[in-house]
Amino acid sequence: MINSSLVLSIVTFVYGFSAVLYISAWIFARKTPAQVARYSAIAGVIGNLFGFVLRWVESYGHGYGHIPLSNLYESLVFFALTIALISIAIGLRYRNDMISTFAMPLAFIALAYASLSPSVSDKIQPLIPALKSNWLTTHVVTCFLGYAGFATAFGIGVMYLVRECLPGRKGGLISRLPEGYVLDELIQKTVMFGFLFLTVGIITGAVWANSAWGTYWSWDPKETWSLITWFVYAIMLHLRYMRGWGGAKIAVISIIGFMAVMFTYFGVNYLPGLHSYGSM
Amino acid sequence: MNKKQVEKGLVDTLWGVFSSVRLSVIVLTLLAVTSIFGTVIPQNAAANLYLERYGEAAYRVLHFLDIFDMYHSWWFQFLILLLGINLVICSMDRLPSALKIVGRTQRLNPENYRRALKGETLKMEGSPAEVAEGLSLRLKAPMATFTLVEEGEGQLLFAEKGRWTRLGVYVVHGAVLLLLAGGLIGSLFGYEGYMNITEGQSDQTVILNNSNATVPLGFQIRCDDFAVSFYDTGAPKEYRSDLVVVDEGGEVLSKRIVVNDPLRYKGISFYQSNYGTVPPESASFVFTSKASGMSYPVDGNFGKPIPIPEGLGTFTPLHFINNYKFRGHAVGATVLGVLKKKGGEEVRLALPIKSPKFDRMRRGEVTVTVGEFENRYYTGLQVTKDPGVWFVYTGFIFLIVGCYITFFMSHQGFMVEVTPDTSGSAVTLYGSVNKNRLGMEMVIRRLTEKLERETRIPERQVVK
Ligand code: HEM
């Protein structure tokens, strides 16, 4: 019997396969594995989307149908989907597979953590009253698109530091990465994408909170951490535009920013608050 | 220097400081870093909890710095104020020159473009004038309407679009100011509190959350009914209350509210936030006599002794406890009372509602069980008034629109240079942009490639 957990476990391996191929294409400077990697990544995305929809359908079978964005497992599944999708899109747009070389492992890790970690339950649970809102979908989807943008920026930032700060031979591994200025600009692009969606995510969260509890902002730890993340990236945009920062400094901020994202996503679970992904 | 000059110097310096992006980076960093404290240290908890956790000395320091309610502390508010002033001055400083750029006439300076991004030069059939005319039609869609300038024998086409997008960042900053203004208005003229209304009753005062002061609503809220439902798993599914607004003697509005769907009236919102049961005032009790084996149901009020038939004494129900613990075990809703036996001896009884046989364990002359009682809920409403919320919502819309404009739209200029060439004309595309050079590079490259493809195939050549 085919079910969403099974589909998503298979997708985990497809992502892993694709990540390994991307990395070996890079290491051995071959075109073929990169192409296979891209096709398997696309197959993975389709499977991931299928698993997501299937889980949605299954939740109706349990008698309380809702979009699968209500707990940690479901959010990780969606996170992996957005990372894979965005990195493939950027790769196609800029005709460069390198972006996925660093992003696909992240998609793999997210889904592997969801599928394999014993502490993440994949049970379909009913929605508690506070989550029953049309804002749930918009809020979660936009937040995760933002996170995925930042995850990609993080991957590119690491790539930048590897390329520009490590000594590399001509024709060696490192020199096969895209040129520094391209990476620099891509960090900017992906951060802007992430910033726009995080902004929408925070706003829809605020509107939702206002419709559920009567306050649009209550300094709940998750809210506060999303604001901290937002500040970090706002600082980055200002430093870049007005103080002319670029290159390694910006790459470092993209890494710090992503740590704030990760803390907003996971770390906050260890602090008290209203958000429900805390209950693994 | 006379006094005026000193003053002017000071004003200029202050203006310089407050209009600088350096200050905003510093303030944003401070806000980001200090905000972390409030997420690790629980906010607004009881003093003894802090004392226990941090000890006396640390408690004093943290208390002095308002760390226990840090987002409302003077220094945090001061940082937010600085951010606001910074934004206002910064915008006043730069907006005029931005407006000037947006308002000026199109620049037709080929040298500017020759220094900007450039595509590969293509060869095309036809004289420069013919080619330029064809291109001005064909490239209008991706570029904009062209202005033609003749330069010697060559032709230059200029196009420009998206100049207004330079104002996007002022939309973003204006939005942030609206958010700050909305927050301020809310904290000055709004309040946050709660009301607990028993089913069937009305209330008109709000108890404020942080001061326990009360505020009159100016009208009454009546709760007709409250209900809670559960999933099979035991998790709560829905809380709902039927509320009625009674104003100036009449019922003006009624609404069934659930979490996420509040009642709003006269700028005040009522949210379903919790519930509880109201202790009943009366109940019926069943007394079973050990001697005769007879059972007698009798109604009684809390606090009043009930005579037990067969002259077995009296029973006085005293309290109704929702969650009673009997020797460390939670036994649920329980009636506590005192049994006064024939001889005057008193025994305290605990009668859990769910286990009617509980009192048998005492092996007394008479066994008491709780029969029927009135089970009423009260609904817990969160009540808020926030006149600033509309500023905040307007700010939200501006913020999204402004970010979209600043990030994904740009002020673009194009030049198409057509010069005479041995086989006809040579065409070069140039582009300049106020940001996102990589994007512009791609645009120029794609358009050049497209033109090349189209001119290579004879039947799709430039229309003559
Ligand atoms: C929470 C507060 C703030 C947010 C969210 C914010 C957001 C932004 C954004 C998104 C941009 C556009 C960057 C880009 O083009 O990629 C920007 C630019 C800018 N910001 Fe801010 N900003 C904030 C506070 C400030 C403050 C306090 C100042 C005061 C000096 C400031 C000065 C500027 C300037 C001068 C620019 C460049 C404008 C230009 O391109 O002409 N910002 N800001």
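Below or above, wherever it landed, is the structure these notes cover. (Residues numbered from 1 in each chain as written. Chains lettered and ligands numbered in written order. Predicted model: local features only at pLDDT ≥ 70, side-chain atom pairs only at ≥ 80, totals over all residues. Heavy atoms only, no water.)

### As for the overall build of chain A
Within chain A, the regular secondary structure consists of 8 helices and 0 strands. Scanning chain A from its N terminus toward the C terminus, one meets helices and strands in the order α-α-α-α-α-α-α-α. Contacts spanning at least 24 positions in sequence make up 77% of the contacts within chain A whose residues lie at least 6 apart. Summed over all atoms, the accessible surface of chain A reaches about 11200 Å², with 70% contributed by carbon and sulfur. (Helix = DSSP H or I, 4+ residues; strand = E, 2+ residues; numbered from the N terminus. Contact = heavy atoms within 4.5 Å. Areas by Shrake-Rupley, 256 points an atom, 1.4 Å probe, with all protein chains shown as cover.)

### A look at the interface of chain B and chain A
The partner chain A presents 49 residues to the 53 residues of chain B that form the contact. Of all residues in chain B, B:Asn260, B:Phe407 and B:Leu438 bury the most surface against chain A, accounting for 15% of the area lost on that side. Taken together, the connections running from chain B to chain A amount to 0 salt bridges. At the junction of chain B with chain A, the criterion picks out 3 residue pairs in polar contact (both at pLDDT 80 or more). Listing elements by their share of the side of chain B that touches chain A, those giving two or more residues are helix 2 (21-40), helix 5 (74-103), helix 8 (168-189), strand 8 (236-247), strand 11 (268-278), strand 19 (376-385), helix 9 (389-408) and helix 10 (437-456) of chain B. Here the element with the most residues in the side of chain B that touches chain A is helix 2 of chain B; it accounts for 11 residues. Partitioned by chemical class, the residues of the side of chain B that touches chain A number 27 nonpolar, 13 polar and 13 charged. (Buried area = accessible area lost by both parts, 1.4 Å probe. Salt bridge = Lys/Arg side-chain N within 4 Å of Asp/Glu carboxyl O. Polar contact = N/O pair within 3.5 Å; in protein donor to acceptor, adjacent residues only side chain to side chain. Nonpolar A, V, L, I, M, F, W, Y, C, P; charged D, E, K, R; others polar.)

### Structural notes on the site of the ligand
As a matter of local geometry, the ligand sits amid 21 residues, with A:His238, A:Tyr241, B:Ser20, B:Cys90 and B:His173 nearest to it. Nearby residues place the ligand at the junction of chains A and B. A:His238 places a polar side-chain atom, nitrogen or oxygen, 2.7 Å from a nitrogen atom of the ligand. Within the residue set of the shell around the ligand, elements represented by two or more residues are helix 7 (221-242) of chain A together with helix 2, helix 5, helix 8 and helix 9 of chain B. Residue composition of the shell around the ligand, by class: 12 nonpolar, 8 polar and 1 charged. (Near = heavy atom within 4 Å.)

### Some thoughts on the pattern of salt bridges
Residues and elements named next belong to chain A. In this structure the tally under the stated criterion is 19 salt bridges over all chains. With a shortest N-O distance of 2.8 Å, arginine 55 and glutamate 74 are connected by a salt bridge. Residue arginine 55 is located in helix 2 (residues 32-61), and its partner glutamate 74 is located in helix 3 (residues 72-93); the two are separated by 19 residues in the primary sequence. By relative accessible area, which is 3% here, arginine 55 ends up buried. Note on glutamate 74: relative accessible area 2%, which makes it buried. (Buried < 20%, exposed > 50% of the residue type's maximum accessible area, 1.4 Å probe, protein only.)

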